Amino acid sequence: MVSTPRFAGNVRVDISDMKVSNRVGDVLVTYALGSCLGVTMYDPVACVAGMIHCMLPLSKVDPAKVAKMPCMFVDTGVPALFKAISELGAQKDRMVIKVAGCGQILGDNKLFKIGERNYTVLRKILWKNNMLIAGELVAGNDSETMFIEVSTGRVVVRTGGKEIEI
Amino acid sequence: MNYRKRILADVKTLPAISTAALQMANVLKDPDVDIKNVIRIVEYDPGMTANVLRLVNSPYFGGSYHIGSIQQAVVRLGIDKLFDLVVVTATHEVIDKPIAGYNLPPGELWRHSVAVAITAKNLANNLGIVAEDTAFTAGLLHDIGKVVIGTFVEKGFDRIDAMAKASNLSFETAERKILGVDHAEIGAAVLEMWRFPDEIVRAVRFHHRPGDVQDSVPVVDAVHISDVVCLMMGIGPGREGLQYRVSDEILSRYSLTPPILEQVVSRSLGDMQSNAEVFSVSSGGE
């Protein structure tokens, strides 16, 4: 648990949105990750951070949306985040990737396992690209808010009244 | 301690909504409703008329033509859609407030309510449920009981949360066990007080336990599924997070598959984002 400093984001990442930053004072934040996927990417050498908030696993369910909202889907959003952070100087072999969200409601209905499907698609993309997850807090029943501090790369998840560094 | 009576008594303390909305809800109970009477009710309230015309000419509700009067709106869109617009206008202020207990900041319950309304309408459309407009109104109002019950949930939150987690119960089931009543029943009491149409009251009352409705009622099912989906998408989950359950029995009535459900979600979020200004929806947060 992290008590100080309390995280307060100043660059907001909405649902189906991503942001990248190399400004040292910035903290990127995304609120209320339920079954949605939150991913941060960080290059400690270039001091660049990126964050995405994806809703759904695969863009094939609504291909018309991809051009307008690529970050809605994990399969189009995560590569877009990688591309955007690379354009700010981040390099793949230094990339630190952390994951939050992918939560579940109660019960075991397959139709509603959107969180699990989001996580599976992310793992496949990373595996194909030889990239690893350095930290995660996923698959609970709580809503999560995720922060990344550009100056340090620290990632904190606020959930259930606690702040947990991952 | 059972708070049921006290909470039900608090329903009466809810601020009044527009007389036009109450009168219109009342006349809609009559199967032989007089359209001229409905037009008169809405036109009698200039603020309501202005807002309804603003909404009716927005991209979400409107067509390619301009509508300049309530009469034109009824003729072109029908009376159920006019009621949607009246209810959006009349209830915005009540639902837009911060909600204690669930820890919803100002605007978040309204954002959730609009999202459920839009999703329920899209889902009804996708599943071939005819009453799209009723699904929209019921979706908009499904959580209005939280406005009343919130302060009681705040006092009992730790016990409700502990019971839900210890017994693997959904939050509203634990809410009912601890407080003697849940937000869905309180919401139905609010709408009964306002004399809203029975099908909307029923959808609100049973939105967490649609299996308890005697016969299959597609509007109830559409609101139930849409509520859970919007919470999963992070639109309006409070302190209780995702401690809700979807009814397997209800899902088995429809040929929903993950791609169909995800299509509805994608379309609904798109509708939400492109119409945020129309519905005065904020972008959420803490």
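Residues numbered from 1 in each chain as written. Chains lettered and ligands numbered in written order. Predicted model: local features only at pLDDT ≥ 70, side-chain atom pairs only at ≥ 80, totals over all residues. Heavy atoms only, no water.

**Here's the deal with the sheet that holds strand S2 (residues 17-21) of chain A**
Residue and element names in this part refer to chain A.
Phase 1 of the analysis: Read across the open sheet, the five strands follow the order S2-S5-S4-S6-S7; overall the sheet is mixed. The open sheet is flanked by S2 and strand S7 (133-138), the only strands paired with a single partner. Within the sheet, the average angular offset between the axes of one strand and its neighbour, ignoring direction, is 10 degrees.
Phase 2 of the analysis: Relative to strand S5 (residues 48-54), strand S4 (residues 37-43) runs antiparallel, the two sharing seven bridges. Paired with threonine 40 across the strands is methionine 51, a residue of S5.
Phase 3 of the analysis: Relative to the sheet, helix H1 (residues 74-87) contacts S2, S4 and S5, its axis offset from that of S5 by approximately 165 degrees.
Phase 4 of the analysis: On top of the sheet, helix H2 (residues 114-128) reaches S4, S5, strand S6 (96-101) and S7; it is set at about 175 degrees to S7, its chief contact. (Pairing = 2+ DSSP bridges. Helix = DSSP H or I, 4+ residues; strand = E, 2+ residues; numbered from the N terminus. Axes fitted to C-alpha atoms, helices over the stretch in contact; angles between N-to-C directions. Contact = heavy atoms within 4.5 Å.)

**A look at unusual backbone geometry**
Phase 1 of the analysis: For alanine 139 of chain A, which is not a glycine, the phi torsion comes out positive at approximately 75 degrees.
Phase 2 of the analysis: With respect to the helices and strands, alanine 139 of chain A occurs in the loop between S7 and strand S8 (144-149).
Phase 3 of the analysis: Judged by its relative accessible area of 45%, alanine 139 of chain A falls in the partly exposed class.
Phase 4 of the analysis: For arginine 195 of chain B, which is not glycine, the phi torsion reads 60 degrees and is therefore positive.
Phase 5 of the analysis: Looking at the element boundaries, arginine 195 of chain B is found in the loop between helix H11 (183-193) and helix H12 (198-205). (Buried < 20%, exposed > 50% of the residue type's maximum accessible area, 1.4 Å probe, protein only.)

**Quick notes on the sheet that holds strand S1 (residues 11-12) of chain A**
All names here are of chain A.
Phase 1 of the analysis: If you trace the five strands from one edge of the open sheet to the other, you get S1-S3-S8-S9-S10, paired in mixed fashion. If you trace the sheet from one side to the other, it starts and ends with S1 and strand S10 (162-165), each paired once.
Phase 2 of the analysis: Here S8 runs beside strand S9 (residues 155-159); their pairing, made up of five bridges, is antiparallel. Each residue of the ladder has a partner; that of phenylalanine 147, found in S9, is valine 156.

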